[in-house]
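Observations on chain architecture
What follows is the residue order along each chain.
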Amino acid sequence: MELNQRTQFPIVHIFGIPFSKLNMNETVRYLTDAVQSGRPHQVITANPIMVMAAMEDPAYKTMMQNADIIVPDGSGIVWAAKTGGDPVAERVTGFDLVHELLKAGENYRWKFYLLGSTPEVIQEAAERLQMQYPAAIIAGYRDGYFGPDQDDEVIEGIQAVSPDILFVARGADTQEPWIARYKERLGVPVMMGVGGTFDVVSGKTKRAPKAFQKLRLEWLYRLLREPTRFKRMLALPKFAVKVLREKENVTKPS
Ligand code: UDP
C-alpha cells in the first residue's frame, strides 16, 4: 500500500496527484491531530477539473503535491481510482467536511475563521453556522473580494483571532494557491479551500438534489444552473476519456 511520506496515511495517485484513501471519519481524526499539532496544514478537496488543471500547469501541480492532504471531492475522482484498480475509501466532499469539522469543533471548542464569497453571503453563512453549531467558535469572517494589495491586511485580520481552522471560499484557481502562498505566515493548523460552500450554507445557491447526487450528476445540475461553467467543464469529458484510455497509468505515481 502506498503511504503519504510525510503523514503516513494511505494514498492513491490520480495522474500524479496524491489523493487520501481515508474515509470521512478518519479524515476528521487526521485533521483533529493536525489542529492539536499547532503546525499549519493545507487541505485540498479536489475534483477532476483540478487534476486536469494540474496536468496543464506544472506550478499548480507542485502546489497541489505540497498540500498536506488531498481528499477525493467529485465523484469523477472516486470513479477514476476504482477504474485504475486502486479505489479510495469513499467520496469526501468539501461541503460535508466543513460540517464534520464544525461538529468536531463543538467538542474541542475550536475557533473558526471564514474567508470568502460576498459580504452578505459570508455574514449569513457565519450566522447560520454559529446557530447550527453553537459550541463551535466562529471567531471571525470576511468576504473574498480583495486584491493582492490587501493580502497583508486580510492575513493580519486572521492572525488577530488565531483560529484553529480557516475556510477559504474564493474559487479553485485562487483559493488553493493563496493558502499555499501564505501557509506559513497564516500559521493556522488547518486551512482548506471550500469553493461555493458558503453560497449553499447561506441559502444563496442550492446543493444538487439527492437524485442528482445519487446519479453522480452534480456537475450536470451545476451546469444547468450556471451555463457559464460550460467551458471549464469541458475538462470533465476529457478527464473521463483519459481515464478510460490510460487505465493502467491512472494510479501510477508520476
Ligand atoms: N469568490 C470570492 N472572491 C473572488 C471570486 C469568487 O470570494 O474573487 C467566491 C464566490 O463568491 C463564491 C466562491 O468564491 O462564493 C466560489 O466561486 P465559484 O463558484 O465561482 O468558484 P469555483 O467554481 O471556481 O470553485
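Refer to the preceding data block for the structure.
Residues numbered from 1 in each chain as written. Predicted model: local features only at pLDDT ≥ 70, side-chain atom pairs only at ≥ 80, totals over all residues. Heavy atoms only, no water.

Another point: the overall build of the chain. From N to C terminus, the chain includes 13 helices and 8 strands. For 254 residues, the compact-globule estimate of 2.2 N^0.38 gives 18 Å, and the chain sits close to it at 18 Å. In terms of principal-axis extent, the alpha carbons of the chain reach across some 50 × 40 × 35 Å. Buried positions account for 51% of the 254 residues belonging to the chain. (Helix = DSSP H or I, 4+ residues; strand = E, 2+ residues; numbered from the N terminus. Rg over C-alpha atoms; globule rule 2.2 N^0.38 Å. Buried < 20%, exposed > 50% of the residue type's maximum accessible area, 1.4 Å probe, protein only.)

The 6 strands lie next to each other as β4-β3-β8-β7-β5-β6, forming an open sheet whose pairing is parallel. For this open sheet the edge positions go to β4 (69-72) and β6 (137-142), each flanked by a neighbour on one side alone. Across the sheet, the mean angle separating the axes of adjacent strands is 20° when strand polarity is ignored. With 4 bridges joining them, strand β3 (residues 41-46) and β4 adopt parallel strand pairing. Bridging across to β4, Thr45 finds its partner in Val71. Against the sheet, helix α5 (residues 94-108) engages β3, β4, β5 (111-116), β6, β7 (165-169) and β8 (190-193), with an angle of about 150° to β8. (Pairing = 2+ DSSP bridges. Axes fitted to C-alpha atoms, helices over the stretch in contact; angles between N-to-C directions. Contact = heavy atoms within 4.5 Å.)

In this structure, Leu97, Leu101, Phe112, Leu114, Phe167 and Phe198 are the most contacted members of the largest nonpolar core, which totals 38 residues. At the level of elements, α1 (24-37), β4, α5, β5, α6 (119-132), β7, β8 and α9 (197-201) are the ones that each hand at least two residues to this core. If we ignore the near neighbours within four places in the chain, the residues touching Leu101 are Leu31, Trp110, Phe112, Ile165, Phe167 and Met192. In this structure, Met50, Ala54, Val88 and Phe239 belong to the second largest nonpolar core, which totals 25 residues. (Core = buried A, V, L, I, M, F, W, Y, C linked by side-chain atoms within 4.5 Å.)

This part takes up the packing of aromatic side chains. Taken as a whole, this structure holds 7 aromatic pairs when the rule is applied. Centre to centre, the rings of Phe9 and Tyr30 are 5.1 Å apart; their planes meet at 75°, and the pair counts as edge-to-face. With Phe9 in the segment before β1 (11-14) and Tyr30 in helix α1, the pair connects residues that are 21 residues apart, well separated along the chain. Tyr30 gets classed as buried once you look at its relative accessible area, which sits at 12%. With centroids separated by 5.4 Å and ring planes inclined at 65°, the aromatic side chains of Trp178 and Tyr182 adopt a geometry described as edge-to-face. You can see Trp178 and its partner Tyr182 sitting in helix α8 (residues 172-186), 4 residues apart, about one turn around the helix. By relative accessible area, Tyr182 is classed as buried at 8%. (Phe/Tyr/Trp six-rings, centres within 6.5 Å; stacked < 30°, edge-to-face > 60°.)

Turning to the environment of Lys242, a few remarks are in order. Structurally, the position occupied by Lys242 is in helix α13 (residues 235-245). Placed 227 residues apart in sequence, Lys242 and Phe15 show a C-alpha to C-alpha distance of 9.6 Å. Setting aside anything within four residues of it in sequence, one finds Lys242 in contact with Phe15 and Met55.

Right, let's get into the site of the ligand. Near the ligand lie 15 residues; those nearest to it are Ser117, Gly144, Tyr145, Asp199 and Arg232. Within the backbone of Ser117, a nitrogen or oxygen atom sits 2.8 Å from an oxygen atom of the ligand. Within the side chain of Tyr145, an N or O atom sits 2.8 Å from an oxygen atom of the ligand. Surface burial for the ligand is 75%, taken as the share of its 540 Å² of free accessible area covered by protein chains. Considering only residue class, the shell around the ligand consists of 3 nonpolar, 7 polar and 5 charged. (Near = heavy atom within 4 Å. Polar contact = N/O pair within 3.5 Å; in protein donor to acceptor, adjacent residues only side chain to side chain. Areas by Shrake-Rupley, 256 points an atom, 1.4 Å probe, with all protein chains shown as cover. Nonpolar A, V, L, I, M, F, W, Y, C, P; charged D, E, K, R; others polar.)

This brings us to the environment of Tyr145. When you line up the elements, Tyr145 lands in the loop between β6 and α7 (151-161). Placed 25 residues apart in sequence, Tyr145 and Arg170 show a C-alpha to C-alpha distance of 8.2 Å.

The subject of this paragraph is the pattern of salt bridges. The full count for this structure, using the stated rule, is 13 salt bridges. In this structure, Asp152 and Arg185 form a salt bridge, with 3.0 Å as the shortest nitrogen-oxygen distance. Taken as a pair, Asp152 in helix α7 and Arg185 in helix α8 lie far apart in primary sequence, 33 residues in all. Among the residues examined, Asp152 registers a relative accessible area of 41% and is labelled partly exposed. Connected through shared salt-bridge partners, Asp73, Arg91 and Glu218 make up one network. (Salt bridge = Lys/Arg side-chain N within 4 Å of Asp/Glu carboxyl O.)

Turning to α5, a few remarks are in order. Within an α-helix, residues lying three or four positions from one another point in the same direction, as the helix has 3.6 residues per turn. Taking 1.5 Å of rise per residue, the 15 residues of α5 would be expected to cover 21 Å, and the 20 Å separating its terminal C-alpha atoms lies within 8% of that figure. Of the residues making up α5, those classed as buried are Gly94, Phe95, Leu97, Val98, His99, Leu101, Leu102, Ala104 and Gly105. (Expected span 1.5 Å × (residues − 1).)

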